[in-house]
Structures are given as C-alpha cells and as structure tokens.
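# Inside the fold
These are the residues of each chain, in order.
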Amino acid sequence: MDFYKRMEKVCHIIPYGKVATYGQIAMLCGKPRNARQVGYALSHGRVESGIQAWRLVNSRGFMSGEAPFEYPEMQRLLLTAAGVAVSAENRVALKKYGWKNSLADAQERRKTLE
C-alpha cells in the first residue's frame, strides 16, 4: 500500500477530541522522517477529500496549514467544536489534546495497514 493510502487510514482513526502531528502520522505510516510529505499530501490533494485534516497540527501544536480548508478559521472552528481548545496564537496543547502513540503502537499499526 502506498504512503498516501496508509495516511488516509491513519487519519481516519484519530480519536474524537484529539489532534495528531504531521510527524506522528508519518511515523504511524512507517515513514518517521516524512512529516513534510504528510503536509504535501494535504495541500496538494493527494488524499481523499473526507480526511480529517483539521485534526493535524505541527510538532509544536500550531495549526500550520490552511490549504485543505474552505476558509482560514475553519480548522479552529472544527477543533473547538470537538472540544479541543485553541489558543489565540492558533496553538493546541499537545500534552492535553495530543493523540498518544508509542513506537510499539506504530509498529502494530503498520501491520494492519499493509
């Protein structure tokens, strides 16, 4: 299965009320150094339109991409509606709202994505 298909599957299982980082998605897809490829896929339409891109933030918790959204405030509105607090600086507290995964989780997830 190619990276983009794995990415779609992983993004669909991000729990409600949680966010994931681009690097975390790349790690769960078996490509831990490909965080930029995740961002590229979102901004260039390489993944299905139903993917929950609004649940993705950068490694410091900042909302960093507007390309997948109809208007700039859409990600903030969707996160807030899901119970995720977003600061005035467009940042999410990853310790509180981050989806927790370990390397073992990534290795197990990789088996189910093949």
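Look up a bit, the structure's there.
About the criteria used
Per chain, residue numbering runs from 1 following the sequence as it is written. At least 70 in pLDDT is required for a residue's local features to be given in this predicted model, at least 80 for side-chain atom pairs to be given and counted, and no such filter applies to totals for whole chains, interfaces and linings, which use all residues. As a rule here, side-chain values come from all non-hydrogen atoms in the structure, and water together with hydrogens is ignored. For helices the rule is a DSSP run of H or I covering at least 4 residues; for strands it is a run of E covering at least 2, with both sets numbered from the N terminus onward. By definition, residues are in contact when any of their heavy atoms lie within 4.5 Å. Working definition: with a 1.4 Å probe on protein chains only, accessible area under 20% of the residue-type maximum means buried, over 50% means exposed, and in between means partly exposed. In this context, the arc is that of the directions from the helix axis out to the C-beta atoms. By salt bridge we mean one thing: a side-chain nitrogen of Lys or Arg within 4 Å of a carboxyl oxygen of Asp or Glu.

The next subject is the side chain of E8. In this structure, E8 sits in helix α1 (residues 3–11). Among residues more than four places away in sequence, those in contact with E8 are R46, V47, E48 and I51.

With that settled, consider helix α3 (residues 35–43). Count 3.6 residues to each turn of an α-helix, and residues three or four apart come out pointing the same way. V38, A41 and L42 are the residues of α3 that are buried. When α3 is viewed along its axis, its buried side chains cluster within an angular range of 95° and face the same direction. Check the buried side of α3 and you find it contacts α1, α2 (22–28) and β2 (56–57).

What follows deals with the pattern of salt bridges. Following the criterion strictly, the structure yields 2 salt bridges and no others. Across the salt bridge formed by K5 and E8, the nearest N and O atoms sit 3.8 Å from each other. Here K5 and its partner E8 are both found in helix α1, 3 residues apart, which amounts to about one turn of the helix. Residue class for E8 comes out buried when judged on its relative accessible area of 9%. Put simply, R76 and E73 hold a salt bridge, and the shortest N to O gap is 3.4 Å. For R76, a relative accessible area of 18% translates into the label buried. With relative accessibility at 41%, the residue E73 sits in the partly exposed group.

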